[in-house]
Amino acid sequence: MKIASINVNGIRDAVDRGFLDWLAQQDADVICVQNIKAKSFELDDHILYPEGYEGYFLDAEEDGFSGVALYCRKIPKAIMYGLGFPQCDHEGRFLQADYDRFSIATFLMPDGSDQKAKQAFMEQYQEYLTKMSRKRREYIICGTWHVAHKTIDLANWSDNQLTSGFRPEERAWMDQVLGPTGFIDTFREINRDAGEYTWWPKLDQDVPRERQEGWRIDYQLVGPNFRRHVVDAWIDYDATFSEFAPLIVEYDLAL
């Protein structure tokens with residue numbers, strides 16, 4: 001099973017820059033998309049339902065803001081829209097597809113432009129993650145968490161310790177998620193190298209991405225029982241339709 005996660009930062013612009021061509025080449029079972037920045041009812045059918053996939057969308061109430069989507073090759077048994085608290089659901093930040101053996105979710109954390117709002121979201125989201133970790137069902141949560149966990153996860157970390165996304169309280173929260181709460185960072189199961197990034201604040205298209213000063217703020221997290229199913233994980237640096245790069249993980253599981 002192959003799952004790709006990508007923050008398109010505006011799906012219309014991403015489509016104009018080749019997102020659907022990239023999607024068609026992936027042979028992925030599920031593609032988790034964040035930051036749609038459009039109302040799904042305004043999108044053309046070729047965006048809503050790319051060939052071979054069913055599309056599911058959760059829009060933000062505000063125009064041109066947030067929103068998440070799932071493109072699924074196999075129709076899920078059920079779709080869960082949101083998490084039941086207004087900041088998440090009104091802003092279109094969580095969408096989950098349920099299959100027989102596990103669930104796959106696309107997720108978008110607030111970016112921290114309003115630090116108090118982000119902290120409030122993290123506290124409510126932590127309650128949900130704790131509940132998820134206690135269930136027998138397994139989860140794969142994909143998306144932009146807007147937190148670089150360790151110093152190897154961003155360039156110039158020493159200059160960014162008070163920057164949203166690397167503040168001590170945000171990293172402590174991620175310690176909790178990847179510690180006592182029990183989730184696993186699938187990418188770090190495969191790759192422990194520094195300099196692996198998924199987002200570039202000042203992306204220069206004339207310079208290879210891996211040479212630029214970026215942040216790794218996108219994750220695919222799984223429960224501890226799924227650690228053994230992670231086969232491979234990589235960042236697609238060649239996909240240039242967004243200042244985010246896709247994170248792709250292969251699992252020895254079938255939908």
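Residues numbered from 1 in each chain as written. Predicted model: local features only at pLDDT ≥ 70, side-chain atom pairs only at ≥ 80, totals over all residues. Heavy atoms only, no water.

Engineer: I would appreciate a short explanation of the nonpolar core in the present structure.
Structural biologist: Among soluble globular proteins, nonpolar side chains are generally buried collectively. Counting residues in hydrophobic clusters, the biggest one holds 33 residues, and the most contacted among them are M1, I3, V30, I104, I140 and Y251. Elements with a contribution of two residues or more to this core: β2 (30-34), β3 (54-58), β4 (68-72), β6 (94-98), β7 (102-108), β8 (138-144), β11 (230-235) and β12 (247-251). Contact partners of I140, with chain neighbours within four places excluded, come to M1, I3, F102, S103, I104, A105, Q220, L221, V222, F226 and Y251. By size, the runner-up hydrophobic cluster in this structure holds 31 residues, among which are A4, V15, L20 and L43. (Core = buried A, V, L, I, M, F, W, Y, C linked by side-chain atoms within 4.5 Å. Buried < 20%, exposed > 50% of the residue type's maximum accessible area, 1.4 Å probe, protein only. Helix = DSSP H or I, 4+ residues; strand = E, 2+ residues; numbered from the N terminus. Contact = heavy atoms within 4.5 Å.)

Engineer: Is there a simple way to think about the sheet that holds β11 in this case?
Structural biologist: Strand-to-strand pairing in sheets goes through backbone hydrogen bonds, with the strands running parallel or antiparallel. In space, the 6 strands of this open sheet follow the order β3-β4-β2-β1-β12-β11, with mixed pairing throughout. Each edge of the open sheet is held by one strand with a lone partner, namely β3 and β11. Strand after strand, the sheet turns through a mean of 15° between neighbouring axes, direction not considered. Looking at chain direction, strand β1 (residues 2-7) and β2 are connected through 5 bridges and run parallel. Bridged to I3 within β2 is V30. Relative to the sheet, helix α2 (residues 19-26) contacts β1, β2, β4 and β12, its axis offset from that of β1 by approximately 165°. (Pairing = 2+ DSSP bridges. Axes fitted to C-alpha atoms, helices over the stretch in contact; angles between N-to-C directions.)

Engineer: Please clarify how the UniProt feature "binding site: Mg(2+)" (unreviewed entry) in the protein should be interpreted in this entry.
Structural biologist: What UniProt calls "binding site: Mg(2+)" (unreviewed entry) maps, in this numbering, to N7. Within the fold, N7 resides in strand β1. Side chain to side chain, N7 and N35 meet in a polar contact 3.4 Å long. (UniProt positions renumbered as here; feature names shortened; annotations may be inferred. Polar contact = N/O pair within 3.5 Å; in protein donor to acceptor, adjacent residues only side chain to side chain.)

Engineer: Can you help me understand the UniProt feature "site: Important for catalytic activity" (unreviewed entry) in the protein in this one?
Structural biologist: With numbering matched to this structure, UniProt assigns "site: Important for catalytic activity" (unreviewed entry) to D218. Its place among the elements puts D218 in strand β10 (residues 218-222). Residues within four places of D218 in sequence aside, it is in contact with N7, Q34, G143, T144, T198, F244 and L247. A polar side-chain atom of D218 sits 2.4 Å from a polar atom in the side chain of T144.

Engineer: Teacher, can you tell me more about the packing of aromatic side chains here?
Structural biologist: Any aromatic ring pair is given by two values, namely how distant the centres are and how the planes are angled relative to each other. Evaluation of the coordinates by the stated rule reveals 21 aromatic pairs. Geometrically, the ring pair formed by F102 and F226 is edge-to-face, given 5.6 Å between the ring centres and 75° between the ring planes. Separated by 124 residues along the polypeptide, F102 in strand β7 and F226 in the loop between β10 and β11 bring together distant segments of the chain. The pair formed by F102 and F226 is uniform in burial state, with each residue classed as buried. (Phe/Tyr/Trp six-rings, centres within 6.5 Å; stacked < 30°, edge-to-face > 60°.)

Engineer: Whenever I open this one, the side chain of T181 confuses me. Can you help?
Structural biologist: Within the secondary structure layout, T181 lies in the loop between α6 (168-177) and β9 (184-185). With near-sequence residues (within four places) excluded, T181 lies in contact with Q126, L129, T130, S133 and Q176.

Engineer: What is the right way to look at the environment of D29 in this model?
Structural biologist: Secondary-structure assignment places D29 in the loop between α2 and β2. Separated by 23 residues in the primary sequence, D29 and G52 place their C-alpha atoms 9.8 Å from one another. Excluding anything up to four places from it in sequence, D29 contacts M1, K2, Y53, Y71, C72, R73 and L255.

Engineer: Help me out: how do you make sense of the sheet that holds β9 in this one?
Structural biologist: The sheet built from 6 strands is open, its strands ordered β5-β6-β7-β8-β10-β9 with mixed pairing. Each edge of the sheet is formed by a strand with only one pairing partner; in this case those strands are β5 (78-81) and β9. Note that β6 and β7 share 5 bridges and pair antiparallel. By the bridge assignment for β7, F94 is matched with F107. The strands touched by helix α5 (residues 115-134) are β5, β6, β7 and β8; relative to β8, the strand with the most contacts, the crossing angle is about 155°.

Engineer: Any chance you could explain α2 here in plain terms?
Structural biologist: Note: α-helices contain 3.6 residues per turn, so residues at a spacing of three or four share the same orientation. Among the residues of α2, those classed as buried are F19, L20, W22, L23 and Q26. Around the axis of α2, the buried residues are gathered within 155° of arc, so they sit on the same side. Exposed side chains of α2 directed beyond 90 degrees from the buried face belong to D21, A24 and Q25. Buried residues along α2 sit against β1, α1 (11-16), β2, α3 (45-48), β4 and β12. Positive backbone phi, approximately 55°, marks D27, located one or two places after α2. (Arc of directions from axis to C-beta.)

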